[in-house]
Amino acid sequence: MQRTLYDKLWDSHVVREEADGTALLYIDRHLVHEVTSPQAYEGLRLAGRRPWRVESVVATADHNTPTKDWNLGITDPVSRTQVETLDANIREYGAKAYFPFLDRRQGIVHVIGPEQGATLPGMTVVCGDSHTSTHGAFAALAFGIGTSEVEHVLATQCLLMKKAKSMLVRVDGCLPPGVTAKDLALAVIGRLGTAAGTGYAIEFGGEAVRALSMEARMTLCNMAIEAGARSGMVAVDERTIDYVRGRPLAPTAANWDRAVAHWRTLVSDDGAAFDVTHVFDASTMSPQVTWGTSPEMVVPVDGRVPDPDRAGDATRREGIERALAYMGLEPNAPMTSIKIDKVFIGSCTNSRIEDLREAAAVARGRRVAGNVRLAMVVPGSGMVKAQAEAEGLDRVFVDAGFEWREPGCSMCLAMNDDRLEPGERCASTSNRNFEGRQGAGGRTHLVSPAMAAAAAVEGHFVDVRRLR
Amino acid sequence: MCVDFVSGQRMQPFLVHTGLVAPLDRANVDTDAIIPKQFLKSIKRSGFGPNLFDAWRYLDRGEPGMDNAGRPRNPQFVLNEPRYQGASILLARRNFGCGSSREHAPWALCDFGFRALIAPSYADIFNNNCYKNGLLPIVLPEAQVDRLFADTAAFPGFRLTIDLEGQRVSTVDGSLAFDFEIEPFRKHCLKHGLDDIGLTLQHADAIRTFETKRLAEQPWLA
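In what follows, the accompanying structure is described. (Residues numbered from 1 in each chain as written. Chains lettered and ligands numbered in written order. Predicted model: local features only at pLDDT ≥ 70, side-chain atom pairs only at ≥ 80, totals over all residues. Heavy atoms only, no water.)

**Re the overall build of chain B**
And then number 1: When its secondary structure is counted, chain B shows eight helices and seven strands.
And then number 2: With respect to the principal axes defined by its C-alpha atoms, chain B has extents near 65 × 45 × 30 Å.
And then number 3: Expressed as a percentage of the 222 residues in chain B, the buried residues total 59%.
And then number 4: A separation of at least 24 residues holds for 65% of the contacts in chain B among residues at least 6 apart in sequence.
And then number 5: Here chain B displays about 9,000 Å² of accessible surface, and carbon together with sulfur accounts for 53% of that area.
And then number 6: Across chain B, the 25 positively charged side chains and the 26 negatively charged ones have centroids separated by 3 Å. (Helix = DSSP H or I, 4+ residues; strand = E, 2+ residues; numbered from the N terminus. Buried < 20%, exposed > 50% of the residue type's maximum accessible area, 1.4 Å probe, protein only. Contact = heavy atoms within 4.5 Å. Areas by Shrake-Rupley, 256 points an atom, 1.4 Å probe, with all protein chains shown as cover. Lys, Arg positive; Asp, Glu negative; His and termini not counted. Charge placed at Lys NZ, Arg CZ, Asp CG, Glu CD.)

Below you can see the structure in the form of structure tokens.
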């Protein structure tokens, strides 16, 4: 019987199964951050339980940490308490690795997991964070969980769950130059909608996906949750193995060879059946910009803001009208006519070194437009920051008028001081354009790093391919 | 409520619930809207109710530590309407609870006083999180949800009875009734208010055996 990658990952982690299909699934890697873990550790403590296997835990503080003036520490007392609570919990219970605030390896949990080799092919990877789907780029079964489930994994190393249905998103052809994994993800979500993946595990395949770098695959899998799927994944190939080789927590010596032999089996068998398959043509895709308050509200940059009068049903029409009112946009306006106030380059979607290189290539020799109040670049981790500085990218950004910040989640969700003010419009490389996501009343347009840099220097959205 | 770790019960058991219905007529309500990020800095599970739907419910910008009783309310927001005060069943549209995995969303809904939700669909992580907190996310077909929206609007004080054992939502007079599906294991946990960590630990030996074998075969996972 031919099996999908998801079948293989699922089958190899089932400890036991109830008659109704509810399985006890073993968890290999548990990523922990400060926002969704305090109540889980508290629950453990109240029940007098101990973590089942602390070697599975890799932790960092990322959501609340400031991105400048690190010498001042965390000045917001509520944020500081949450970060210190994580420090205390890791001190008390332990972890395989902890990258606390100020550590040079600290960063966004979904950046440092792969970077440190804490994410390996074939693993189950969980975190109290919906963007855990990112790690599926390594042919891992990776998904976000709630805090009760964080506690469950801490206490039992397992989760109770039912197997999802399988979806293949096959992307044929090649992405044109200037069109990135972010644009691919947004184009897929634009066509399928934000609920298409509900109840499914998505495998991304096809020529265009095979051609993506590991970092680009992470961007794509990261956005699987914005299509409604808890997990997205890509099969193992040489690129996967090359990326993992030599990472601090990756296997070495004889274990490496054994691991690689196993990892090479982590592909869907020829002829394996998926519950549903969606086929896309990469060659026709272009840079994408969201116009509304859901990632599915997206058009190509040469498109226009939609007209609610042309919407199919009443719920959809009201949704468009509400989004346009919130976003302060007129129907039928060209996307390139939309001026922006701020630019955010960062987040677990787009803050890795390749993202920064792409943005820097656009920023080099140009200046941030006068109407842009703030353009900030927030590297995904201390290691990404160091690499970017070694390549001189920080100078490129600073010379162009961008602010070069310390790593963290930053204005993706605005839990620290980095946020939009009411009515401010932002070109953002993050993953959610929900109302208030980047600050109460803030207006978010999701784009790729190159498109964000292009918007920064032009002051409005523009097809980055015209700048080159 | 306190957790009884001897019985393994930590949630209020859900048997039959009758309550006032409040309608939230928009699709794709995300967890950022249900409980905005600034309230996620709390290290507790309780106290989120006053900030449920904060940006829609109040006219000013909410921050942790504010006296919510004194804040200006948005009269346009449905949960502020006098007729929906005391509601314990939230009627919603498709893909409710999408976005962030924050369990603070069901914590806020529970803390506000909701015991059950009715919608055509929920995002997966949110759906799980509801069950972990004794909040019943009932799925009904779009047409039935439409009917409930119409009746909620038409009849002030519109109440529904939810019978978990019978898997049925009905009007108090029984004139309208819809059956719903629920996974048997989840139903069992809700009915008894069970802590599923306790249930899982009954299989500790099986987990240990599995783990030992796995780490022997794939020592790089250790």
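So that's the structure; there's more coming.
**What to know about the interface of chain B and chain A**
And then number 1: Tallying the contact residues gives 60 residues for chain B and 83 residues for chain A.
And then number 2: Per-residue buried area on chain B facing chain A is highest for Lys37, Lys41 and Trp220 of chain B; these three make up 14% of the total on that side.
And then number 3: Counting every contact that joins chain B to chain A gives eight salt bridges.
And then number 4: In this structure, the salt-bridge partner of Arg437 of chain A is Asp32 of chain B, at a minimum N-O distance of 2.9 Å.
And then number 5: Broken down by secondary-structure element, the contributors of at least two residues to the side of chain B that touches chain A are helix 3 (104-112), helix 4 (124-131), helix 6 (184-192), helix 7 (196-201) and helix 8 (204-217) of chain B.
And then number 6: Top contributing element to the side of chain B that touches chain A by residue count: helix 8 of chain B, with ten residues.
And then number 7: Taken together, the residues that form the side of chain B that touches chain A break down as 23 nonpolar, 14 polar and 23 charged. (Buried area = accessible area lost by both parts, 1.4 Å probe. Salt bridge = Lys/Arg side-chain N within 4 Å of Asp/Glu carboxyl O. Nonpolar A, V, L, I, M, F, W, Y, C, P; charged D, E, K, R; others polar.)

**Section: unusual backbone geometry**
Residues and elements named next belong to chain B.
And then number 1: With phi around 50 degrees, Phe53 is a residue other than glycine that occupies positive phi space.
And then number 2: By secondary structure assignment, the location of Phe53 is in the loop between helix 1 (31-34) and helix 2 (54-57).
And then number 3: Its relative accessible area of 0% is what places Phe53 among the buried residues.
And then number 4: Positive phi outside glycine occurs at Asn95, with the angle close to 60 degrees.
And then number 5: As for its position among the elements, Asn95 is in the loop between strand 2 (89-91) and helix 3.

**Re the sheet that holds strand 2 (residues 23-26) of chain A**
And then number 1: Taken together, the three strands give an open sheet; going across it, the order is 1-2-8 (chain A), and neighbouring strands pair in antiparallel fashion. The open sheet has two free edges, formed respectively by strand 1 (14-17) and strand 8 (158-161) of chain A, since each of these has just one partner strand. If you compare each strand with its neighbour and ignore which way they point, the axes differ by 20 degrees on average.
And then number 2: With four bridges joining them, strand 2 of chain A and strand 8 of chain A adopt antiparallel strand pairing. Paired with Ala23 of chain A across the strands is Met161 of chain A, a residue of strand 8 of chain A.
And then number 3: The strands touched by helix 8 of chain B are strand 1, strand 2 and strand 8 of chain A; relative to strand 2 of chain A, the strand with the most contacts, the crossing angle is about 40 degrees. (Pairing = 2+ DSSP bridges. Axes fitted to C-alpha atoms, helices over the stretch in contact; angles between N-to-C directions.)

**Considerations on the packing of aromatic side chains**
And then number 1: One pass over the full model with this rule turns up 17 aromatic pairs over all chains.
And then number 2: An angle of 45 degrees between the planes, with centres 5.4 Å apart, marks the rings of Tyr26 of chain A and Phe210 of chain B as tilted. Here Tyr26 of chain A is found in strand 2, whereas its partner Phe210 of chain B is found in helix 8 on a different chain. Of the two residues, Tyr26 of chain A and Phe210 of chain B, both sit in the buried class.
And then number 3: An aromatic cluster is present here, built from Trp256 and Trp263 of chain A together with Trp220 of chain B joined pairwise through their rings.
And then number 4: Between Arg247 of chain A and the ring centre of Tyr243 of chain A, over which it is positioned, the NZ or CZ distance is 3.9 Å.
And then number 5: Geometry around Phe149 of chain B places Arg93 of chain B over its ring, the cationic atom sitting 3.9 Å from the centre. (Phe/Tyr/Trp six-rings, centres within 6.5 Å; stacked < 30°, edge-to-face > 60°. Lys NZ or Arg CZ within 6 Å of the ring centre and 35° of its normal.)

**Describing the pairing of strand 1 (residues 16-23) of chain B**
All names here are of chain B.
And then number 1: Strand 1 sits mainly inside the fold: six of its eight residues count as buried.
And then number 2: Where strand 1 lies against strand 5 (residues 159-163), five bridges are found, and the strand directions are antiparallel. For His17, the partnering residue across the bridge sits in strand 5 and is Ile162.
And then number 3: Pairing between strand 1 and strand 2: three bridges, direction parallel. Pairing of Val21 across the sheet is with Ile89, part of strand 2.

**What to know about helix 11 (residues 314-327) of chain A**
All names here are of chain A.
And then number 1: For helix 11, with 14 residues, the first-to-last C-alpha span of 20 Å sits near the 20 Å given by 1.5 Å per residue.
And then number 2: Here helix 11 has its buried residues at Gly319, Ile320, Ala323, Leu324, Tyr326 and Met327. Buried residues in helix 11, looked at end-on, bunch into an arc of 160 degrees, giving them a common side.
And then number 3: Against strand 18 (425-428) and strand 19 (443-446) lie the buried residues of helix 11.
And then number 4: Its side-chain oxygen at 3.2 Å from the backbone nitrogen of Thr315, Asp313 defines the N-terminal cap of helix 11.
And then number 5: Backbone geometry just downstream of helix 11 places Gly328 in the positive-phi region, at approximately 65 degrees. (Expected span 1.5 Å × (residues − 1). Arc of directions from axis to C-beta. Polar contact = N/O pair within 3.5 Å; in protein donor to acceptor, adjacent residues only side chain to side chain.)

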